[in-house]
Amino acid sequence: MNIACIPAYNEETKINDVVKKALPYADKVVVCDDGSSDNTAVLAKKAGATVVSHKTNRGYGAAISTLFDYCRKN
């Protein structure tokens with residue numbers, strides 16, 4: 001299974017396009033919303049991604065780690 005993993009923080013203006021462009025190349029798209037204060041998570045889900053969220057911003061490395069953990073377990 002091919003999974004596209006996307007870390008995101010306050011990317012509501014771009015996340016829809018990123019998810020839509022990744023979908024043809026992956027069986028599943030997973031976005032880690034890293035504590036965004038905007039609608040990143042909602043828009044990613046509407047675009048077709050599975051969303052994993054942090055309650056607060058933990059940084060790029062933590063988002064990548066969360067994505068790897070999620071993909072390993074699912």
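Just so we're clear, the structure is a prediction, and the values are computed from it rather than from any experiment. (Residues numbered from 1 in each chain as written. Predicted model: local features only at pLDDT ≥ 70, side-chain atom pairs only at ≥ 80, totals over all residues. Heavy atoms only, no water.)

Enquirer: Describe the packing of helix H1 (residues 15-22) against helix H2 (residues 40-47), naming the residues involved and giving the relevant values.
Expert: For any two helices packed against each other, one specifies the crossing angle of their axes together with the interaxial distance. Viewed as axis vectors pointing N to C, H1 and H2 meet at an angle of 30°, and their least axial separation amounts to 9 Å. As the angle between them shows, H1 and H2 are arranged roughly parallel. The two elements H1 and H2 cross, and the hand of that crossing is right-handed. Residues Ile 15, Asn 16, Val 19 and Lys 20 of H1 touch H2, and the partners they reach there are Thr 40, Leu 43, Ala 44 and Ala 47. Looking at the contact of H1 with H2 residue by residue, the classes come out as five nonpolar, two polar and one charged. (Axes fitted to C-alpha atoms, helices over the stretch in contact; angles between N-to-C directions. Helix = DSSP H or I, 4+ residues; strand = E, 2+ residues; numbered from the N terminus. Parallel < 35°, antiparallel > 145°, perpendicular 65-115°, else oblique. Left-handed = near helix turned anticlockwise from the far one by under 90°. Contact = heavy atoms within 4.5 Å. Nonpolar A, V, L, I, M, F, W, Y, C, P; charged D, E, K, R; others polar.)

Enquirer: Can you lay out the side chain of His 54 for me, pointing to particular residues and giving the numbers?
Expert: Of note, His 54 is situated in strand E3 (residues 50-54). Given the relative accessible area of 8%, His 54 is considered buried. In contact with His 54, other than residues within four places in its own chain, are Cys 32, Asp 33, Asp 34, Gly 35, Ala 62, Ala 63 and Thr 66. (Buried < 20%, exposed > 50% of the residue type's maximum accessible area, 1.4 Å probe, protein only.)

Enquirer: How would you explain the side chain of Thr 40 if you had to name every residue and give the values?
Expert: As for its placement among the helices and strands, Thr 40 is situated in helix H2. Ignoring sequence-local partners within four residues, the contact set of Thr 40 consists of Ala 8, Asn 10, Glu 11, Glu 12, Ile 15 and Asp 33.

Enquirer: Just give me the short version of the pattern of salt bridges, but keep the residues and values in it.
Expert: Counting across every chain of the model gives one salt bridge. Among the salt bridges present, the one from Asp 69 reaches Arg 72, with a minimum N-O distance of 3.1 Å. One end of the pair, Asp 69, and the other, Arg 72, are both in helix H3 (residues 60-73), three residues apart, so they sit about a helical turn from each other. Taking the relative accessible area as the measure of exposure, Asp 69 reaches 29% and is therefore partly exposed. Note on Arg 72: relative accessible area 61%, which makes it exposed. (Salt bridge = Lys/Arg side-chain N within 4 Å of Asp/Glu carboxyl O.)

These figures come from the coordinates and say nothing about function on their own.
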